[in-house]
Amino acid sequence: MHSDGLIVVDKAGGMTSHDVVARIRRLARTRRVGHGGTLDPMATGVLVVGVGRATRLLTYVIGSDKGYTATIRLGQSTVTDDAEGEVIATTAADTVTDDAIRAGLAALTGEIDQVPSAVSAIKIDGQRAYKRVRDGEQVELAARRVTVSRLDVLAIRRDQPGVVDVDVDLAVSSGTYVRAIARDLGTSLRVGGHLTALRRTSVGGFTLAEAATLEELERRAPDVVNLPLTQAARRYFPQREADAAEAKVLSHGGPLKPAGIVGPYAVFGPDGGLLAIVSEREGRARAEIVLAPA
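Structural notes, computed from the coordinates. Being a predicted model, the structure only gives us computed values, none of them experimental.

### A closer look at the nonpolar core
When a protein is soluble and globular, its nonpolar side chains tend to lie buried together.
Here is step 1: Membership of the largest hydrophobic core comes to 47 residues, with the highest contact counts inside it found for Ile24 and Leu74.
Here is step 2: Beyond its immediate chain neighbours, meaning those up to four positions away, Ile24 contacts Ile7, Val9, Arg29, Val33, Val49, Val51, Leu214 and Leu217.
Here is step 3: The next biggest cluster of nonpolar side chains, apart from the first, holds 23 residues, and it includes Leu57, Leu227, Ile277 and Ile289.

And the structure:
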């Protein structure tokens, strides 16, 4: 049984990321569990969960690019920019052309300055934005630079009068709000828009292909880790091997000579075990986190 490692979960709709962590704590029989990037309750798909010492890798996972499939509904705006919030405005979208939709999405591709959804987990003066909105406050968040590296239209559907549903496949940098893309497309087309479906297909190199549902994990418990710590690090980071003397220095937090690798990167000991995550600066390779068992 591997107690330290990553689990790629296929989260079901209707539960929070914290609900998933709570369930895995029970299944893995340890309190030391965390996740690498929140998924809204409505969203499904890839949620990377760390168990034991692998929770320390999650800070790197959170910064990864993400892949999604999503459905944007044009013609309705909601308070949350997704289907979980109440509809606050409707404007018939029947006259919006496919070309206008494609052009609107093209304008939201590349490096853009995006204002996050007001109902988000971003903190303002120590309190989460969504709590302020629920308490009736008007919340203004600052725009942030994000990258939408891919935004492909899969289908444009006109199944009901007044609304147009646009299915998209996208790849984005960490910190990008897909529901803000839905909102901004609707704003640019002057009909309003919100997200009705969101499925995360990848986080960095972790994809749905290797994801397990909570029901599948339940059947495997307590052996729920599918990427043991060392294997997870080899998958995720550039790597360097250390000899016995270097391993000793590094496991005590000391620096190594640089290897010219753009970091952060993983260093493995002579036995193949993961010692540390390292980055090079000022002519030394220094540990960002030491993972060698004490």
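From this point on, the discussion continues.
### Side note on the environment of Arg145
Here is step 1: You can see Arg145 is positioned in strand β10 (residues 144-157).
Here is step 2: On a C-alpha basis, the gap between Arg145 and Gln114 in space is 6.3 Å, while along the polypeptide they are 31 residues apart.
Here is step 3: Beyond its immediate stretch of four places on either side in the chain, Arg145 contacts Glu111, Ile112 and Asp113.
Here is step 4: Polar side-chain contacts of Arg145 include one of 2.8 Å to the side chain of Glu111.
Here is step 5: A distance of 2.9 Å separates polar atoms of two side chains, one belonging to Arg145 and the other to Asp113.

### Looking at unusual backbone geometry
Here is step 1: Ala221 connects to Pro222 through a cis peptide bond whose omega is 0°.
Here is step 2: By the element assignment, Pro222 lies in the loop between α6 (214-220) and β14 (227-228).
Here is step 3: Despite not being glycine, Asp81 shows a phi value in the positive range, around 70°.
Here is step 4: Positive phi values are uncommon outside glycine, yet Arg190 reaches one of about 65°.
Here is step 5: For Arg190, the location among the structural elements is in the loop between α5 (178-188) and β12 (193-203).
Here is step 6: On the basis of relative accessible area, Arg190 is assigned to the exposed category, the value being 75%.

### Considering the packing of aromatic side chains
Here is step 1: Within the structure shown, the criterion is met by three aromatic pairs.
Here is step 2: On the numbers, 5.7 Å between centres and 5° between planes, the contact of Phe206 with Tyr236 is stacked. Highlighted residues: Phe206 in strand β13 (residues 206-207) and Tyr236 in helix α7 (residues 229-236), separated in sequence by 30 residues.
Here is step 3: What makes Tyr236 partly exposed here is its relative accessible area of 24%.
Here is step 4: Aromatic pair Tyr236 and Phe237: ring centres 5.1 Å apart, planes at 75°, arrangement edge-to-face.
Here is step 5: One aromatic cluster is present, built from ring pairs that chain together Tyr60, Phe206, Tyr236 and Phe237.
Here is step 6: Residue placement shows Arg234 over the ring face of Phe268; its charged tip is 3.7 Å from the ring centre.

### Some details on the environment of Leu217
Here is step 1: With respect to the helices, strands and loops of the structure, Leu217 is situated in helix α6.
Here is step 2: Judged by relative accessible area, which is 0%, Leu217 ranks as buried.
Here is step 3: Apart from the residues lying within four places of it in its own chain, the contact partners of Leu217 are Ile7, Val9, Ile24, Leu27, Ala212 and Val224.

### A short note on the pattern of salt bridges
Here is step 1: With the rule as written, the count across this model stands at 18 salt bridges.
Here is step 2: Two residues, Arg157 and Asp159, come together in a salt bridge whose shortest N-O distance is 3.2 Å.
Here is step 3: We note a salt bridge from Arg183 to Asp184, for which the minimum N-O separation is 2.8 Å.
Here is step 4: Members of the salt-bridge network, linked through shared partners, are Arg23, Arg26 and Glu218.

### Brief notes about the pairing of β10
Here is step 1: Bridge analysis of strand β7 (residues 110-114) against β10 gives five bridges, and the strand direction is antiparallel. Bridging from a neighbouring strand, Gly110 pairs with Val148 of β10.
Here is step 2: Between β10 and strand β11 (residues 164-172), which follow one another and run antiparallel, lie six residues, and Gly162 among them has a positive phi close to 90°.

### Concerning the pairing of strand β3 (residues 44-51)
Here is step 1: Among the eight residues of β3, eight are classified as buried, and the element is accordingly described as predominantly covered.
Here is step 2: As paired elements, strand β1 (residues 5-11) and β3 share seven bridges and run antiparallel to each other. Bridging across to β3, Lys11 finds its partner in Gly45.
Here is step 3: As judged from the three bridges shared by strand β2 (residues 33-35) and β3, these two strands associate in the antiparallel manner. Bridge pairing in β3 links Gly34 to Gly50.
Here is step 4: The pairing of β3 with β12 spans two bridges and is parallel. Following the sheet pairing, Thr44 is matched in β12 by Arg199.

Procedures and definitions
Residues numbered from 1 in each chain as written. Predicted model: local features only at pLDDT ≥ 70, side-chain atom pairs only at ≥ 80, totals over all residues. Heavy atoms only, no water. Core = buried A, V, L, I, M, F, W, Y, C linked by side-chain atoms within 4.5 Å. Buried < 20%, exposed > 50% of the residue type's maximum accessible area, 1.4 Å probe, protein only. Contact = heavy atoms within 4.5 Å. Helix = DSSP H or I, 4+ residues; strand = E, 2+ residues; numbered from the N terminus. Polar contact = N/O pair within 3.5 Å; in protein donor to acceptor, adjacent residues only side chain to side chain. Phe/Tyr/Trp six-rings, centres within 6.5 Å; stacked < 30°, edge-to-face > 60°. Lys NZ or Arg CZ within 6 Å of the ring centre and 35° of its normal. Salt bridge = Lys/Arg side-chain N within 4 Å of Asp/Glu carboxyl O. Pairing = 2+ DSSP bridges.

Take it as geometry only, folks, not as evidence of what the structure does.
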